[in-house]
Amino acid sequence: MTKNITLNLISGRTIQQGVAIESGKEKPSYRTACGIIEMDNADLKALGAWKNTNVRVTSDHGSVIVKAIEATQGPHPGVAFIPMGPWANSIVDPNTYSTGMPTFKGTPVKIEVTINEPILLGIELVQIQCGVKVG
Amino acid sequence: MTKTITDVICPFCGTLCDDIEVVVSDDGKQLLEVYNACVIGSEKFLHSQAKDRVTKPRMRQDDGTWKDVSYDEAADYTAQMLAKAKKPLMYGWSSTNCEAQSVGNEIAEISRACCDNTAAVCHGTTLIAVQDIGLPTCTLGEVKNRADRIIFWGCNPAHAHPRHMSRYSIFPRGFFTGKGQMSRKMIVIDPRVTDTAKMADVHLQIEQGKDYELLNALRVAFKGEWLPDVVAGIPKEKIREAADMMKSGRFGIIFFGMGVTQSLSKNHNIDIAIAVTKDLNEYTKFSIMPMRGHYNVTGSGEVFAWQFGFPYSIDLTRGFARYNPGDTSSIDLLVRGEVDAMFTIGSDPGAHFPISAVKPIANMPSVCIDPHLTPTSGVSKLHVPVAFNGVETGGNCYRMDNVPIDCRKVVEPPAGMLTDEQFLVMVRDRLKKLKGAA
């Protein structure tokens, strides 16, 4: 059975995300900057995953493949971070509790190793989930 | 011979840096170098010169391919879409100038649309809190010249507002803060040890989502009353240390970001943060300011509030402005399937809305007005590329402290490309004819 762990997901800006959105969201650099999940070393160990391994992150609201990397702004055991973008937004809690604001921070997620699954490009990821026909 | 243009405004974040220098070619058609800007700002200026940029409006065909169309055809489609729709949503506005926003509001009024800006996924909850209990705030100039206690709550300016600390909040030597960073104390509240937190005198590594509790504990600590041993993961001694540091300053400021606006308690987190500011004014002078993200999201709120009376989440479907976040806000409208046409300008809901709010956009008539290729343009029926505001056209913008600053045009857009405002005027005039409006 594949090992998995449950963490509390938050999303937010990083400077690499900022540069990537301004240099073109159609480019692989956007995926490099935002198609990742930053995890604490202790959590990577608990999952039994090497750094830079592809993982599937699943919440009640969806599922997405991203690359698990070591936390750049840690330690933060128990908390996982995906930079804001379509990868994070595939799984965040859309409930606004009548404020208009989705709950982008604090979504419980399950993480499991999926070495062979590819990480999609940003625009491709949204198009596939929305069922857009691409010529 | 190249020309150097000084005092250029950076159109990336709400800090709206006004000291950028840009080198352009002699004919003013090419932007060659950017000085003083952060790495994100430089990229924004330089990407306008990309050779693979889309310069013509494109319509998605049935087989999924794009077909180039003229701006006239694009304006026809947009006007007809808005005229036919029962409840169109006009979303975005934060990466364009106030002049374009104002034309957009005319269009919204004629087509009886719902209007919203990116505060919906940013500081919308802040706006609710400000309406609840007010906002004791100041300008960034006052922070630079006076503030000696700087609190960053749930924000990470080292990444999101890269020059904020060097221009206004931590490093500059102001009139009463002559020793720069030496004359300031910095407190950071964040569940991660962010690059901002690493610079702080005190970092409170709060349990995620417990901001309300910690802010309340600070109010107790100011008064020296009893506290539990640990609140939100922070020992009481550390809370008292932070509280004493805040009280002992001459002028303090709380900057807050998405850590508080997007966590579970949402607007109530801001309510209590403003109450903390109010409490602190019994001991010293304190202010509070939201760290606005897009360079002109503040301006969009100003223009909405000036023309419709509310800063975001406006519903004009009944012919007058209604405001009820949760009911009239974009995410809720989309998730509930109440919208029948989507008009996006100067923002990217495709990338920054939860996916369940993006899926409906792909299944309705939709227009995306954006110079970049984005997930939103990727799911829209019509993509209208326009000139980069703040680079290829000027216009008024509002900094995060509500100070209006005129952006400057530094380089010519590619031949034949329109600005946001020019395209919106074309749509407005067509819509007026379709609707028989005066």
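Reading the values: the criteria
Residues numbered from 1 in each chain as written. Chains lettered and ligands numbered in written order. Predicted model: local features only at pLDDT ≥ 70, side-chain atom pairs only at ≥ 80, totals over all residues. Helix = DSSP H or I, 4+ residues; strand = E, 2+ residues; numbered from the N terminus. Rg over C-alpha atoms; globule rule 2.2 N^0.38 Å. Buried ≥ 20, exposed ≤ 12 C-beta atoms within 10 Å, placed from the backbone. Pairing = 2+ DSSP bridges. Axes fitted to C-alpha atoms, helices over the stretch in contact; angles between N-to-C directions. Parallel < 35°, antiparallel > 145°, perpendicular 65-115°, else oblique. Contact = placed C-beta atoms within 7 Å. Nonpolar A, V, L, I, M, F, W, Y, C, P; charged D, E, K, R; others polar. pLDDT = per-residue confidence, 0-100.

### Structural notes on the overall build of chain A
- Looking only at helices and strands, one finds five helices and six strands in chain A.
- Its C-alpha atoms give chain A a radius of gyration of 14 Å, near enough to 14 Å, the size a compact globule of 135 residues would have.
- Each principal axis of the C-alpha distribution contributes one length, and for chain A these read about 40 × 35 × 30 Å.
- Counting only residues that meet the buried cut, chain A has 53% of its 135 residues in that class.

### With respect to the pairing of strand 3 (residues 31–35) of chain B
Residue and element names in this part refer to chain B.
- Here strand 2 (residues 20–24) pairs with strand 3 via four bridges, running antiparallel. Within the sheet, the bridge partner assigned to valine 23 lies in strand 3 and is glutamate 33.
- Hairpin connection, strand 2 to strand 3: the antiparallel pair is bridged by six residues, and glycine 28 has positive phi, about 70°.

### Digging into the packing of helix 1 (residues 15–23) of chain A against helix 1 (residues 39–47) of chain B
- At a closest axis distance of 8 Å, the pairing of helix 1 of chain A and helix 1 of chain B adopts a crossing angle of 5°. Our classification of the angle between helix 1 of chain A and helix 1 of chain B gives roughly parallel. Here Ile15, Gly18, Val19, Glu22 and Ser23 of chain A of helix 1 of chain A lie close against helix 1 of chain B, whose contacting residues are Val39, Ile40, Glu43, Lys44 and His47 of chain B.

### As for helix 4 (residues 124–133) of chain B
- Of the residues making up helix 4 of chain B, those classed as buried are Gly124, Thr125, Thr126, Leu127, Ile128 and Ala129 of chain B.
- The secondary structure elements touched by the buried residues of helix 4 of chain B are helix 10 (258–261), helix 11 (267–280), strand 14 (285–290) and helix 12 (297–308) of chain B.

### Describing the interface of chain A and chain B
- Listed by partner, the interface residues are 50 residues for chain A and 57 residues for chain B.
- Among the elements of the structure, strand 1 (4–12), helix 1, strand 5 (79–83), helix 4 (86–89) and helix 5 (122–130) of chain A are those that each provide at least two residues to the side of chain A that touches chain B.
- It is helix 5 of chain A that contributes the most residues to the side of chain A that touches chain B, six residues altogether.
- In the side of chain A that touches chain B, the residues fall into 19 nonpolar, 25 polar and six charged.

### Observations concerning the environment of valine 130 of chain B
Residue and element names in this part refer to chain B.
- Looking at where valine 130 falls in the secondary structure, it is placed in helix 4.
- Accessibility expressed as a C-beta count within 10 Å gives 19 for valine 130, which makes it partly exposed.
- Put simply, valine 130 and leucine 431 are 301 residues apart on the chain and 35 Å apart in space, counted from C-alpha to C-alpha.

### Some thoughts on the sheet that holds strand 13 (residues 251–256) of chain B
Residues and elements named next belong to chain B.
- Pairing is parallel across the open sheet formed by five strands, whose spatial order is 10-9-8-13-14. Two strands close off the open sheet at either side, each with one partner strand: strand 10 (202–204) and strand 14. For this sheet the average axis-to-axis angle between neighbouring strands, irrespective of direction, equals 15°.
- Here strand 9 (residues 185–189) runs beside strand 10; their pairing, made up of three bridges, is parallel. The residue of strand 10 that forms the bridge with isoleucine 187 is valine 202.

### Observations regarding the confidence of the model for chain B
- For chain B, the average pLDDT comes to 95, and 100% of its residues sit at 70 or higher.
- What the predictor reports for the complex is a pTM of 0.96 with an ipTM of 0.96.

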